[in-house]
Amino acid sequence: MWRAVVLGKTCSLGGGDPRNLASPDDWGTNREIRGYVLAELLLRARTDELPEVRQVRIRGACVTGTVDLRHAEVAAVHFECCVFKDDVILEFARTRSLRLDTCVLASVKARGASICGMLRVRRSNVQGSIFLIDATVSQSVRLSGSTIAGVNGRALSADRLKVGGNLFLNRFVTKREPPNKAEVFIASGEVRLLGAQIDGQLNCIGGRFRNPGKVALVASSAQIGGSVFLSNGFNATGQVRLLGTRIGGQLNCSGGRFKNPGKTALKASSARVSGSVFLRDGFRAIGEVRMLSARIGGQLNCSGGRFKNPGKVALSASNSDISRSVLLCAGFRSKGTVRLVGTKIGGRLSCRSGQFENPGMTALDLQEARMTSLVMCGSGLRVAGDVHFFGAATSTLADDPVALENQSASLHLHGFVYERFAPSSPQDVRTRLRWLDSQPESYYPQPLDQLAAVYRRSGQEQKARHILIAKRRKRRDSLRGWRGKTWDYLQDLTVLYGWEPWRALAIGLGLFLTVFGLVAWAQALDLVLAPSDVFSSYHPFIHALDAFLPVIDLGLDSHWVIDTARGGWFAWLVRVCLWSLPVVGWVTLALTVAAMTGIVKRE
């Protein structure tokens, strides 16, 4: 063995895959190497009295006892198809590289270790845990295709790990194997990367992280220079936590599975992502996806994603700053609340054909959100629950009120500000009023004022007028007491809230002509008593005009009298109309002047 080490060749003690053995003892004693002997071999390979060995390669060995290399400086080590019955300890050790391929290990303890090359534990079974706390690896760390059973709920502990390249916790695929035949990375217990610094990417494609009801993967406060891939078959049972993580590339969870029922499945609050965040194309989350106060340099793309947390929050990105668009469309589906309260979106928020389900509760919460355009339309759009727009603002609104009207959606539009409708959106007054009527609140003036302002901005004054009139009528329904309602109804009937001052004159003129006709009829029936000495002849028109005009008094009422003794009820009707006509005249004049001078407010 020593001769092979000196020559830099592979020392092979036999073949076979130790992961297929029922027990490592099945290999027999001819493959055994004592742990302290192996440690001595590795240490002597670096002494001055012997030729320098740049790499030690051993294959097919069964190592018994602990391999203790604490604080040691050893050559590059490559073990293949080996069994380590006890721990491999490299705490605060220095080595060029450490490669453990297709091995069975008890545990690897490399706290504070410094590896100048690569750390690779590939296609191996670790029956305990891997400890890399405060370790430094100048190149990549590869755990592809390995299985870590974990101890005391911990599978991989790598807090403050520094990696000069990439960190792979992914499936192992050869060039000749399709991805579905790959050996999958499996961690049973928590994988901890708190405060880690990875210059390259964190690749967990196809990896499986299992820690039900607890934290499965945590990389909070980590700094990752490249992208983070939790995608393409990634499966986490337990919480994935990326609190305050800084990611230089994208966060790609497309096709990933996150399961933590009733709790938070993915927590990335206060994360900083220079690129985009992808929760699309087969993404599934059972439990809340929480990205509060996150900063995303690209888009948040959830197209085709499924978010399930019934009765609770399914997706939350409140108070986040997203430089580009947020896409909740093209197959997006949530069961639970989607919350974007106070979120700033540099592009559009598209809910085209998305499905938002949270019956009896909030389905979509956009309070105080800001975006360049809002899209809520599409043939597949489904909303079951409340949609809150309080304080939200957008430049362009592309929606389909008819589609929402036919569903169990309840819109809260108070405080919603928008500048224009998209050309594809319905813009007729009747549809828009039904859209506003979908609010559960009895009366809020702001949504009506906002709609009128949009019509005015586009030069549609007549439509704006209809909206403002509808606003006044809705306000009347909210008034208490008959006096206020009567006065409001009178303004509506006579001057249309100041929009049509001529209407009061027309109504007054109509009443005047009606009374004139009644008086003329009474004269024809000889129900007008003989005139006094002052007036020699009777004129029904002048009589009615004298009663109607409030500023002129000819005194005809005291000289001409309708004979009620002979005329019966008809005479009494004429007399009552003559008595009432001055009131009509005063009201007509007052309302006309008030409407023309602005005393009766249009808005």
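Structure shown above.
Described in the following lines is the structure provided in the data block. (Residues numbered from 1 in each chain as written. Predicted model: local features only at pLDDT ≥ 70, side-chain atom pairs only at ≥ 80, totals over all residues. Heavy atoms only, no water.)

What to know about the overall build of the protein chain
Within the protein chain, the regular secondary structure consists of ten helices and 51 strands. Each of the 603 residues in the protein chain was classed as buried or not, and the buried ones make up 52%. Sequence-distant contacts in the protein chain: of pairs separated by 6 or more residues, those separated by 24 or more amount to 55%. Here the protein chain has roughly 26,400 Å² of accessible surface; of this, 52% comes from carbon and sulfur atoms. (Helix = DSSP H or I, 4+ residues; strand = E, 2+ residues; numbered from the N terminus. Buried < 20%, exposed > 50% of the residue type's maximum accessible area, 1.4 Å probe, protein only. Contact = heavy atoms within 4.5 Å. Areas by Shrake-Rupley, 256 points an atom, 1.4 Å probe, with all protein chains shown as cover.)

A word on unusual backbone geometry
In the Ramachandran plot, Asn232 falls in the positive-phi region, its phi being about 50° despite a non-glycine side chain. For Asn232, the location among the structural elements is in the loop between strand S30 (228-229) and strand S31 (235-241). In this structure, Ser293 is a non-glycine residue whose phi angle is positive, near 55°. Within the element layout of this structure, Ser293 appears in the loop between strand S37 (284-290) and strand S38 (295-296). On the basis of relative accessibility, which here comes to 27%, the residue Ser293 falls in the partly exposed class.

What to know about the nonpolar core
In this structure, Phe209, Leu230, Leu279 and Leu328 are the most contacted members of the largest nonpolar core, which totals 134 residues. Here this core gets five residues from one element, more than from any other, and that element is helix H5 (residues 445-457). Not counting chain neighbours up to four residues away, the residues in contact with Leu328 comprise Cys302, Leu315, Val338, Leu340, Leu349, Ser350, Cys351, Arg352, Gly354 and Phe356. (Core = buried A, V, L, I, M, F, W, Y, C linked by side-chain atoms within 4.5 Å.)

Structural notes on the packing of aromatic side chains
Applying the stated criterion across every chain yields a total of 13 aromatic pairs. An angle of 40° between the planes, with centres 5.4 Å apart, marks the rings of Phe307 and Phe332 as tilted. Placement of Phe307 in strand S40 (residues 306-316) and of Phe332 in the loop between strand S42 (326-327) and strand S43 (333-339) is noted, with a sequence separation of 25 residues between them. Judged by centre distance (6.1 Å) and plane angle (65°), the rings of Tyr418 and Trp435 are edge-to-face. Here the residue Tyr418 occupies a position in strand S51 (residues 417-421), and Trp435 occupies one in helix H4 (residues 429-437), the gap between them amounting to 17 residues. Three or more aromatic residues link up through ring pairs in this structure, and these residues are Phe185, Phe209, Phe234, Phe258, Phe283, Phe307, Phe332 and Phe356. Residue placement shows Arg432 over the ring face of Trp435; its charged tip is 4.6 Å from the ring centre. (Phe/Tyr/Trp six-rings, centres within 6.5 Å; stacked < 30°, edge-to-face > 60°. Lys NZ or Arg CZ within 6 Å of the ring centre and 35° of its normal.)

Some thoughts on the pattern of salt bridges
One pass over the structure, following the stated rule, counts 20 salt bridges. Notably, a salt bridge pairs Arg122 with Asp101, separated by 3.4 Å at the nearest N-O pair. Remark: Asp101 occurs in strand S11 (residues 98-101) and Arg122 occurs in strand S15 (residues 119-122); sequence separation between them is 21 residues. Classification of Arg122 as partly exposed rests on a relative accessible area of 22%. Here the residues in one salt-bridge network are Asp17, Arg19, Arg123 and Glu183, joined through shared partners. (Salt bridge = Lys/Arg side-chain N within 4 Å of Asp/Glu carboxyl O.)

Quick notes on the side chain of Asp399
Here Asp399 lies in strand S49 (residues 393-399). Polar contacts involving the side chain of Asp399 include one to the side chain of Arg432, which spans 2.8 Å. Every residue in contact with Asp399, bar those within four places of it in the chain, is listed here: Met376, Cys377, Ser425, Pro426, Arg432 and Trp435. (Polar contact = N/O pair within 3.5 Å; in protein donor to acceptor, adjacent residues only side chain to side chain.)

As for empty space enclosed by the protein
Enumeration according to the criterion identifies four cavities of 30 Å³ or more in this entry. Looking at the largest cavity, its volume works out to about 60 Å³. Leu38, Leu42, Val67, Leu69, Val77, Phe79, Phe84, Val88, Leu90, Leu98 and Leu100 together form the lining of the largest cavity. Broken down by secondary-structure element, the contributors of at least two residues to the lining of the largest cavity are helix H2 (35-44), strand S7 (76-80) and S11. Volume-wise, the second largest cavity comes out at about 50 Å³. Every residue along the wall of the second largest cavity is listed here: Leu374, Met376, Phe389, Leu397, Asp399, Leu404, Leu411, Phe416 and Trp435. Residues that form the lining of the second largest cavity fall into these classes: eight nonpolar, no polar and one charged. (1 Å grid on protein atoms, 1.4 Å probe; cavity = no way out; pocket = protein on both sides within 12 Å on 5 of 7 lines; lining within 4 Å. Points joined across faces, edges and corners; volume = space filled by probe spheres on them. Nonpolar A, V, L, I, M, F, W, Y, C, P; charged D, E, K, R; others polar.)

What about the environment of Leu451?
The topology assignment puts Leu451 in helix H5. For Leu451, a relative accessible area of 0% translates into the label buried. Measuring from C-alpha to C-alpha, the distance between Leu451 and Phe416 comes to 10.0 Å, with 35 residues separating the pair along the chain.

Describing the pairing of S49
S49 sits mainly inside the fold: five of its seven residues count as buried. Relative to S49, strand S47 (residues 370-376) runs parallel, the two being bridged by six bridges. Each residue of the ladder has a partner; that of Leu374, found in S49, is Leu397. Sheet topology note: the S49/S51 ladder contains four bridges and is parallel. (Pairing = 2+ DSSP bridges.)

Concerning the side chain of Thr245
You can see Thr245 is positioned in the loop between S31 and strand S32 (246-247). Engagement of the side chain of Thr245 in a polar contact is seen with the backbone oxygen of Ala219, the distance being 2.7 Å. With near-sequence residues (within four places) excluded, Thr245 lies in contact with Ala219, Ser220, Ser221, Ala222, Ile224, Ala271 and Arg272.

A closer look at the packing of H4 against H5
Running from N to C, H4 and H5 cross one another at 155°; their axes reach a closest spacing of 11 Å. When the axis of H4 is compared with that of H5, the two are roughly antiparallel. The way H4 lies across H5 gives a crossing that is right-handed. For the pair H4 and H5, contact is made by Val429, Arg432, Leu433 and Leu436 and by Pro447, Leu448, Leu451 and Tyr455, respectively. Considering only residue class, the contact of H4 with H5 consists of seven nonpolar, no polar and one charged. (Axes fitted to C-alpha atoms, helices over the stretch in contact; angles between N-to-C directions. Parallel < 35°, antiparallel > 145°, perpendicular 65-115°, else oblique. Left-handed = near helix turned anticlockwise from the far one by under 90°.)

Examining H5
For H5, with 13 residues, the first-to-last C-alpha span of 18 Å sits near the 18 Å given by 1.5 Å per residue. Here H5 has its buried residues at Gln446, Pro447, Leu448, Gln450, Leu451, Ala452, Val454 and Tyr455. Immediately downstream of H5, the backbone of Gly459 shows phi near 80°, a positive value. (Expected span 1.5 Å × (residues − 1).)

Re the environment of Phe131
Summarising the element assignment, Phe131 is placed in strand S17 (residues 130-131). For the pair Phe131 and Arg154, spaced 23 residues apart in sequence, the C-alpha to C-alpha distance is 9.3 Å. Not counting residues within four places of it along the chain, the set of residues in contact with Phe131 comprises Val108, Lys109, Ala110, Arg111 and Ser157.

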